[in-house]
Amino acid sequence: LNKVIENIMDSNFEFHFVGPLLKTINKKNIYYHGLIQNEDKLKQILDSADTLVLPSISEGMPNVILEAMSRGLSIIATDVGANSLMVSESNGVLIKNNYFSSVFEAMKKIISLNKNELIAMKINSIRSIENSFTWDLVCKQLINEIKKIK
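All values derive from a computational prediction rather than experimental measurement.

Reading guide: rules and limits
Residues numbered from 1 in each chain as written. Predicted model: local features only at pLDDT ≥ 70, side-chain atom pairs only at ≥ 80, totals over all residues. Heavy atoms only, no water. Axes fitted to C-alpha atoms, helices over the stretch in contact; angles between N-to-C directions. Helix = DSSP H or I, 4+ residues; strand = E, 2+ residues; numbered from the N terminus. Parallel < 35°, antiparallel > 145°, perpendicular 65-115°, else oblique. Contact = heavy atoms within 4.5 Å. Nonpolar A, V, L, I, M, F, W, Y, C, P; charged D, E, K, R; others polar. Phe/Tyr/Trp six-rings, centres within 6.5 Å; stacked < 30°, edge-to-face > 60°. Buried < 20%, exposed > 50% of the residue type's maximum accessible area, 1.4 Å probe, protein only. Salt bridge = Lys/Arg side-chain N within 4 Å of Asp/Glu carboxyl O. Core = buried A, V, L, I, M, F, W, Y, C linked by side-chain atoms within 4.5 Å. pLDDT = per-residue confidence, 0-100.

1. Points about the packing of helix H3 (residues 63-70) against helix H6 (residues 115-132)
Okay, so step 1: Interaxial distance between H3 and H6 falls to 7 Å at its minimum, and their mutual angle equals 115°. As summarised for this structure, H3 and H6 are arranged roughly perpendicular, according to the angle between their axes. Mapping the contact onto sequence places Leu-66, Met-69 and Ser-70 in H3 and Ser-125, Ile-126, Ser-128 and Ile-129 in H6.
Okay, so step 2: Here the contact of H3 with H6 is built from residues that sort into four nonpolar, three polar and no charged.

2. Remarks on the packing of aromatic side chains
Okay, so step 1: On inspection of all chains with the given rule, the structure shows two aromatic pairs.
Okay, so step 2: Measuring from centroid to centroid gives 5.1 Å for Phe-17 and Tyr-32, while their planes differ by 15°, and the two rings are stacked. Highlighted residues: Phe-17 in strand E1 (residues 15-18) and Tyr-32 in strand E2 (residues 30-34), separated in sequence by 15 residues.
Okay, so step 3: Residue classification places Phe-17 among the buried residues on the basis of a relative accessible area of 12%.
Okay, so step 4: A residue is classified by how much of its surface remains accessible, and Tyr-32, at 23% relative accessible area, is partly exposed.
Okay, so step 5: Here the aromatic rings of Phe-100 and Phe-104 are separated by 5.7 Å at their centres, their planes lie at 10°, and the arrangement is stacked. Taken together, the residues Phe-100 and Phe-104, both in helix H5 (residues 100-111) and four residues apart, mark about one turn of the helix.
Okay, so step 6: Owing to a relative accessible area of 36%, Phe-100 belongs among the partly exposed residues under this scheme.

3. Here's the deal with the pattern of salt bridges
Okay, so step 1: Counting across every chain of the model gives six salt bridges.
Okay, so step 2: Between Asp-47 and Arg-71 there is a salt bridge, with the nearest N and O atoms lying 2.7 Å from each other. Highlighted residues: Asp-47 in helix H2 (residues 39-47) and Arg-71 in the loop between H3 and strand E4 (74-78), separated in sequence by 24 residues.
Okay, so step 3: Assessed through its relative accessible area of 43%, Asp-47 is described here as partly exposed.
Okay, so step 4: For Arg-71, a relative accessible area of 33% puts it in the partly exposed group.
Okay, so step 5: In this structure, the salt-bridge partner of Glu-145 is Lys-148, at a minimum N-O distance of 3.1 Å. Taken together, the residues span about one helical turn, with Glu-145 and Lys-148 both in helix H7 (residues 135-149) at a distance of three residues.
Okay, so step 6: For Glu-145, a relative accessible area of 44% gives the class partly exposed.

4. Quick word on the nonpolar core
Okay, so step 1: Core analysis: the largest hydrophobic core is formed by 14 residues, its most contacted members being Ile-65, Ile-75 and Met-86.
Okay, so step 2: Broken down by secondary-structure element, the contributors of at least two residues to this core are strand E3 (51-54), H3 and E4.
Okay, so step 3: At four residues, H3 tops the list of elements feeding residues into this core.
Okay, so step 4: If near-sequence neighbours (up to four positions away) are discounted, Met-86 is found in contact with Met-61, Pro-62, Ile-65, Leu-66, Met-69, Asn-91 and Phe-133.

5. A few points about the confidence of the model for the protein
Okay, so step 1: When pLDDT is averaged along the protein, the result is 90, and 93% of the positions lie at 70 or above.
Okay, so step 2: When mean pLDDT is compared element by element in the protein, E4 scores highest at 97, while helix H1 (residues 2-8) scores lowest at 64.

As C-alpha cells, this is what we get:
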C-alpha cells in the first residue's frame, strides 16, 4: 500500500489509516489514527473522507465496508468474501486482487471521477445500505430463510 500512496501523493489528497498499523510513511497528508473504539470519532473520520480502500486478501462480510457505505463513501475493495454483495460499479470499484497495480488503478479511477460521478457513487452506497443492509431487512431475510427450513 505504501507504493500506491507514494505514486498518487498529491497535496489535494489525504490518507487516513484506522486500525493497529505501524506508522510507515511520514508525510504531511498521511494520518494514522490507530484503533478507534469511539463511535463518534470513527464517524468523524469517515465523514471527512470520500472513499474507503480495503485491499484485503481475505474477508467474510467486513463491517468496515458497511460502516463506510452508511456514511456515504465510495468503496474500493478486493473481490473476496462477501465484498461483491456490497461493492459494484454503482458505488465503487471491486478489484480482483490486492496487487499494487490493481489498487493503484482503482484509486486512479476514483480520483479521475468528476464531482457528480463521485457524489452518485456515494449516494448509491447509502441507498444500498437502506435497501439491503438495515437490521430490519437483514432480520426479515433471516426469518424467511429459517421458515423455509421448517
